[in-house]
Amino acid sequence: SQTIHQWPATLVQPVGSPLSLECTVEGTSNPNLYWYRQAAGRGLQLLFYSVGIGQISSEVPQNLSASRPQDRQFILSSKKLLLSDSGFYLCAWSNRDTGELFFGEGSRLTVL
Amino acid sequence: AQSVTQLDSHVSVSEGTPVLLRCNYSSSYSPSLFWYVQHPNKGLQLLLKYTSAATLVKGINGFEAEFKKSETSFHLTKPSAHMSDAAEYFCVVTRGGFKTIFGAGTRLFVKA
């Protein structure tokens, strides 16, 4: 069966510090991968998606970047965090046939 | 173009009474529709999905939804609410891959 892991679960970082959130998927190959952000009281915002190694598409301009160094690994990064980067970040992979999304447990980022 | 509207930002019910969470969609083609549930500080979990098979879809935890093309609706129901159903619920429309649109979410409160 497929599983998805993301870490860390919680993170408190000062403004201007770097960020690295990691996500790995097991039990499937060549998945579509996604990073979403959920700000307090808001819905989900798609940040990045990837159809393959090294292939990243960004949905919104921002202070963040993503990379996919391996087929089942997806990394969300920032060189210098802003207060507005605070939120709940969710990694997901999708079934290519149905579009069904499978989510990780999320990473709570607080920028102070 | 696709869109999805969750008609209620908050719904409050008493334990043991029925639950109705409303969702309307707009799509220029036959969509796939999903309902996800999110408990606090957790990832999203799939409740049920419609992918052009039976219009009445049964999901986990006693939830079901009916796809009504004439009304462009996909409302989520449950005959009897349980305290553990208190969470946020998202209606999602997708054409597959990256064309996935999330509703703004409906927070369900269950009173004892």
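Going by the structure above, here's the rest.
Notes on the structure follow. Here the structure is a predicted model, which is why all the values come from computation and not from measurement.

### A closer look at the overall build of chain B
Here is step 1: Scanning chain B from N- to C-terminus turns up zero helices and twelve strands.
Here is step 2: Secondary structure elements of chain B, listed N to C terminal, follow the sequence β-β-β-β-β-β-β-β-β-β-β-β.
Here is step 3: Relative to the globule expectation of 13 Å for 112 residues, the C-alpha radius of gyration of chain B, 13 Å, shows essentially globular dimensions.
Here is step 4: In terms of overall dimensions, chain B has C-alpha extents of about 40 × 30 × 20 Å along its principal axes.
Here is step 5: When the 112 residues of chain B are sorted by exposure, 45% land in the buried category.
Here is step 6: Here the contacts in chain B between residues at least 6 apart in sequence split such that 55% fall between residues at least 24 apart.

### Observations regarding the pattern of salt bridges
Here is step 1: Evaluation of the coordinates by the stated rule reveals eight salt bridges over all chains.
Here is step 2: Among the ionic pairs, Glu100 of chain A bridges to Lys49 of chain B, the shortest N-O distance being 2.7 Å. Taken together, the positions of Glu100 of chain A in the loop between strand 9 (87–94) and strand 10 (101–103) and Lys49 of chain B in strand 6 (residues 44–50) put the pair across two chains.
Here is step 3: Under the relative-accessibility criterion, Glu100 of chain A is labelled buried at 6%.

### Notes on the environment of Arg96 of chain A
Residues and elements named next belong to chain A.
Here is step 1: By the secondary structure assignment, Arg96 is in the loop between strand 9 and strand 10.
Here is step 2: With relative accessibility at 42%, the residue Arg96 sits in the partly exposed group.
Here is step 3: In the structure, Arg96 is positioned 66 residues away from Asn30 in sequence and 9.5 Å away in space, judged by C-alpha atoms.
Here is step 4: Apart from the residues within four sequence positions on either side, Arg96 is in contact with Asn30, Pro31, Asn32 and Val51.

### Re the sheet that holds strand 7 (residues 65–70) of chain A
Residue and element names in this part refer to chain A.
Here is step 1: Judged by pairing direction, the sheet is antiparallel, and its four strands sit side by side in the order 1-3-8-7 without closing on themselves. Taken across any chain shown, the strands that pair with only one partner, and hence form the sheet edges, are strand 1 (3–7) and strand 7. Neighbour-to-neighbour, the strand axes of the sheet open up by a mean angle of 20 degrees, direction not taken into account.
Here is step 2: Bridge count between strand 7 and strand 8 (residues 73–78): four bridges; the pairing is antiparallel. Bridge pairing in strand 8 links Gln70 to Gln73.

### Structural notes on the nonpolar core
Here is step 1: Ranked by size, the top nonpolar core spans 26 residues in total, and within it Trp35, Leu48, Phe74, Leu76 and Tyr89 of chain B carry the most contacts.
Here is step 2: Of all hydrophobic cores here, the second largest spans 19 residues; its members include Leu19, Leu21, Leu81 and Trp93 of chain A.

### What about the side chain of Gln2 of chain B?
Here is step 1: Assignment of secondary structure puts Gln2 of chain B in the segment before strand 1 (3–6).
Here is step 2: Ignoring any residue separated from it by four or fewer positions in sequence, one finds Gln2 of chain B in contact with Ser26, Ser27, Tyr29, Val93, Thr94, Arg95, Lys99 and Ile101 of chain B.

### Considerations on the side chain of Gln73 of chain A
Residue and element names in this part refer to chain A.
Here is step 1: Inspection of the secondary structure assignment puts Gln73 in strand 8.
Here is step 2: Polar side-chain contacts of Gln73 include one of 3.3 Å to the side chain of Glu22.
Here is step 3: For Gln73, the contacting residues outside a window of four places in its chain are Glu22, Cys23, Thr24, Leu33, Ser67 and Arg68.

### Points about the state of the cysteines
Residue and element names in this part refer to chain A.
Here is step 1: Taken as a whole and judged by the stated rule, the model has two disulfides over all chains.
Here is step 2: The disulfide that involves Cys23 links it to Cys91, with 2.0 Å between the sulfurs. Taking the sign of the torsion about the S-S bond as the criterion, the disulfide between Cys23 and Cys91, at about -75 degrees, is left-handed. With Cys23 in strand 3 (residues 19–26) and Cys91 in strand 9, this residue pair connects regions lying 68 residues apart in the sequence.
Here is step 3: Assessed through its relative accessible area of 1%, Cys23 is described here as buried.
Here is step 4: Judged by its relative accessible area of 0%, Cys91 falls in the buried class.

Scoring rules and cut-offs
- Residues numbered from 1 in each chain as written.
- Chains lettered and ligands numbered in written order.
- Predicted model: local features only at pLDDT ≥ 70, side-chain atom pairs only at ≥ 80, totals over all residues.
- Heavy atoms only, no water.
- Helix = DSSP H or I, 4+ residues; strand = E, 2+ residues; numbered from the N terminus.
- Rg over C-alpha atoms; globule rule 2.2 N^0.38 Å.
- Buried < 20%, exposed > 50% of the residue type's maximum accessible area, 1.4 Å probe, protein only.
- Contact = heavy atoms within 4.5 Å.
- Salt bridge = Lys/Arg side-chain N within 4 Å of Asp/Glu carboxyl O.
- Pairing = 2+ DSSP bridges.
- Axes fitted to C-alpha atoms, helices over the stretch in contact; angles between N-to-C directions.
- Core = buried A, V, L, I, M, F, W, Y, C linked by side-chain atoms within 4.5 Å.
- Polar contact = N/O pair within 3.5 Å; in protein donor to acceptor, adjacent residues only side chain to side chain.
- Disulfide = S-S within 2.5 Å.

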